[in-house]
Every structure is written in C-alpha cells, then in structure tokens.
Amino acid sequence: MTSEDLDQAVEIIRDRIDKFGVREPVVTKQGSDQISVQLAGEFDQARAARLVGKTAQLEFYDLEGDLVPPTIGSGGIVLPVEDLFGLLSPLQARAETGTPSQWFAFDKDNALLGGPAPTEAGLPDVVDGDLPADAKILAVLQDRIVITCTSESAVVCPGGTGIGFTPAPGATYYYLFEFQPLDAEQPIPEMTGEDLERRGTCSDIINGSSSC
C-alpha cells in the first residue's frame, strides 16, 4: 500500500461517514498502514465498524430494458418520481413475499428518514439517530430496486425528452428497476464492478478519443 492509497482510503472513509450524519468525525492516517477513526458520541464499536466498513457497489443497468412502471411509461418514456413513499406504498402487500432488496424509513408525515438499508434491522445505521416510535417502514420487492439521481450525484438525470434533464438543486428523483442479480441466464444488473479490471479499463469519449 502506497501513501497515496492510504490518503485515498482516508477520504473514502471520511466521505462515507459524512453521509450518515455523524458529527465531527476525525479520520487520520496512523503510521504507514493504519487509519484512525474517531466518532464523537458513538460508543457502540460494532455499529461504528458497520458505518466505516460499508462498501460502495458499482452496478450497471439497462435504462430502457430494466426500468419498470411507474417510472417508465408507454413508448419507453422515463418517468422519474420525487415521492418515494408514494412509489413504495402500493408495493407493500407484494413485498411480504420473498426477501426485500431494500428498506426505507419514513416519519409520520411520510418524509424520508433514511435508507436504503439491506435489512430492516440495519435501518438505524442509515438514520441519524434511533428510529422514532411512529416511523413507517417500507420495503422494496425482492425483484425490484430503487435507484436515485440528484444534482449532487449527476449532471443529467434520466427522464423528459432527449438524453435527460438537469436535476433541480436539492431534489431527489427515484427510479424503480428490475433486480435479479442471481439469475444465471439474465442477471440484472447486467454488470457490476467485479466484472471490471481495476487497471486498464477504458471509457469511450463522445469526440472519439478514450481515457483509461
């Protein structure tokens, strides 16, 4: 591990913790091969380890082929949704069958508290504090997955006419995709980060050149 690798790991861990709303985290290099993480007010070491150890997943979906209603309409028109509670509520009866792919928590006014979490028990890890007693818990179907697009994560979000639209500042758009990663013949997502080589991967650029 090089010093640059360690610097990058520090930034990744700090960014990961920031997304969970932990106040004033201290993430520093310690020696040549260690990273020290201090979380103010967090005394549960197991929970702290889960926060730091969460790994980002790189997945590739076919936008037109994998989107499902109500986030895709007739003729393949992409229809982003801003009301996640409204998107998931009609699915709850069906979500009781199988193992949900994701879990989200909402407050009494249907505002999003946190999510997604891979399990219902994992929701406290993605919510800033304990879940309130009147929290509403909604699941995503076993064969579906929610993907988001925001101004913080993308310049253009799928939807509208042409290649997409510019997301409004602070807005989050939700899309419902098929999800069958264990299907041997037709897996969805069609590709993950495990299918890419760490070095030597190239991406085509519009002007014909490529970057590696």
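As shown above, the structure is provided for reference.
Residues numbered from 1 in each chain as written. Predicted model: local features only at pLDDT ≥ 70, side-chain atom pairs only at ≥ 80, totals over all residues. Heavy atoms only, no water.

Asks: Explanation requested: the overall build of the protein chain in the structure shown.
Replies: Scanning the protein chain for helices and strands turns up five helices and eleven strands. Residue burial in the protein chain is summarised as follows: out of 212 residues, 31% are buried. Within the protein chain, contacts between residues separated by at least 24 positions form 55% of all contacts whose residues are at least 6 apart in sequence. Surface summary for the protein chain: the accessible area is close to 13700 Å², and the carbon and sulfur share equals 52%. (Helix = DSSP H or I, 4+ residues; strand = E, 2+ residues; numbered from the N terminus. Buried < 20%, exposed > 50% of the residue type's maximum accessible area, 1.4 Å probe, protein only. Contact = heavy atoms within 4.5 Å. Areas by Shrake-Rupley, 256 points an atom, 1.4 Å probe, with all protein chains shown as cover.)

Asks: Explain the nonpolar core here, please?
Replies: Burial of nonpolar side chains together is a common tendency in soluble globular proteins. In terms of nonpolar packing, the biggest core is built from 23 residues, with Leu84, Leu88, Phe104 and Val146 touching the most fellow members. Residues in contact with valine 146, not counting those within four places in the same chain, are Leu84, Leu88, Gln102, Phe104, Val140, Tyr174, Tyr175 and Leu176. Core analysis: the next-biggest nonpolar cluster, separate from the first, contains 13 residues, Val78, Ala171, Tyr175 and Phe179 among them. (Core = buried A, V, L, I, M, F, W, Y, C linked by side-chain atoms within 4.5 Å.)

Asks: Just checking my understanding: could you explain the side chain of arginine 144 for this structure?
Replies: Among the secondary structure elements, arginine 144 is positioned in strand β7 (residues 144-150). Within polar-contact distance, the side chain of arginine 144 engages the side chain of aspartate 143 at 3.5 Å. (Polar contact = N/O pair within 3.5 Å; in protein donor to acceptor, adjacent residues only side chain to side chain.)

Asks: Looking at this structure, I do not really get the state of the cysteines. What am I missing?
Replies: As used in these notes, a disulfide is a covalent bond between sulfur atoms, one from each of two cysteines. Scanning the model with the defined rule gives one disulfide in all. Here cysteine 149 engages in a disulfide with cysteine 157; their sulfurs sit 2.1 Å apart. Its S-S torsion of about -90 degrees marks the bond between cysteine 149 and cysteine 157 as left-handed, since a negative value means left-handed. In this pair, the class of cysteine 149 matches that of cysteine 157, namely buried. (Disulfide = S-S within 2.5 Å.)

Asks: Explanation requested: the pattern of salt bridges in the structure shown.
Replies: When the charged atoms of two side chains with opposite charge come close together, those side chains can pair. Throughout the structure, instances matching the rule amount to four salt bridges. With a closest N to O distance of 2.7 Å, arginine 14 and glutamate 11 form a salt bridge. Residue arginine 14 and its partner glutamate 11 are both found in helix α1 (residues 3-18); the two are separated by three residues, about one turn of the helix. The exposure class of arginine 14 is partly exposed, given its relative accessible area of 26%. Between aspartate 109 and lysine 108 there is a salt bridge, with its nearest N and O atoms 3.4 Å apart. (Salt bridge = Lys/Arg side-chain N within 4 Å of Asp/Glu carboxyl O.)

Asks: How should the sheet that holds strand β5 (residues 112-117) be read in this particular structure?
Replies: Remark on secondary structure: sheet strands pair via backbone hydrogen bonds, oriented parallel or antiparallel. The three strands lie next to each other as β5-β4-β6, forming an open sheet whose pairing is antiparallel. In this open sheet, the two edge strands, each paired with only one partner strand, are β5 and β6 (136-140). Direction aside, the axes of adjacent strands within the sheet are offset by 15 degrees on average. Relative to β5, strand β4 (residues 102-106) is paired through three bridges, and the arrangement is antiparallel. Across the sheet, residue alanine 105 finds its bridge partner in β5, namely glycine 114. (Pairing = 2+ DSSP bridges. Axes fitted to C-alpha atoms, helices over the stretch in contact; angles between N-to-C directions.)

Asks: Any chance you could explain the packing of aromatic side chains here in plain terms?
Replies: In total, this model carries three aromatic pairs according to the counting rule given. Ring plane angle 55 degrees and centroid distance 5.2 Å describe the contact between tyrosine 61 and phenylalanine 177, whose orientation is recorded as tilted. Taken together, the residues tyrosine 61 in the loop between β3 (59-60) and α3 (63-66) and phenylalanine 177 in strand β8 (residues 172-178) connect sequence positions 116 residues apart. A centroid spacing of 4.9 Å and a plane angle of 85 degrees characterise the contact between phenylalanine 165 and tyrosine 173, whose relative ring orientation is edge-to-face. Judged by its relative accessible area of 22%, phenylalanine 165 is partly exposed. Judged by its relative accessible area of 8%, tyrosine 173 falls in the buried class. (Phe/Tyr/Trp six-rings, centres within 6.5 Å; stacked < 30°, edge-to-face > 60°.)

Asks: Before we go on, may I ask you to explain the environment of isoleucine 13 in this structure?
Replies: With respect to the element layout, isoleucine 13 can be found in helix α1. Given a relative accessible area of 13%, isoleucine 13 falls into the buried group.

Read these as geometric descriptors, not functional statements.
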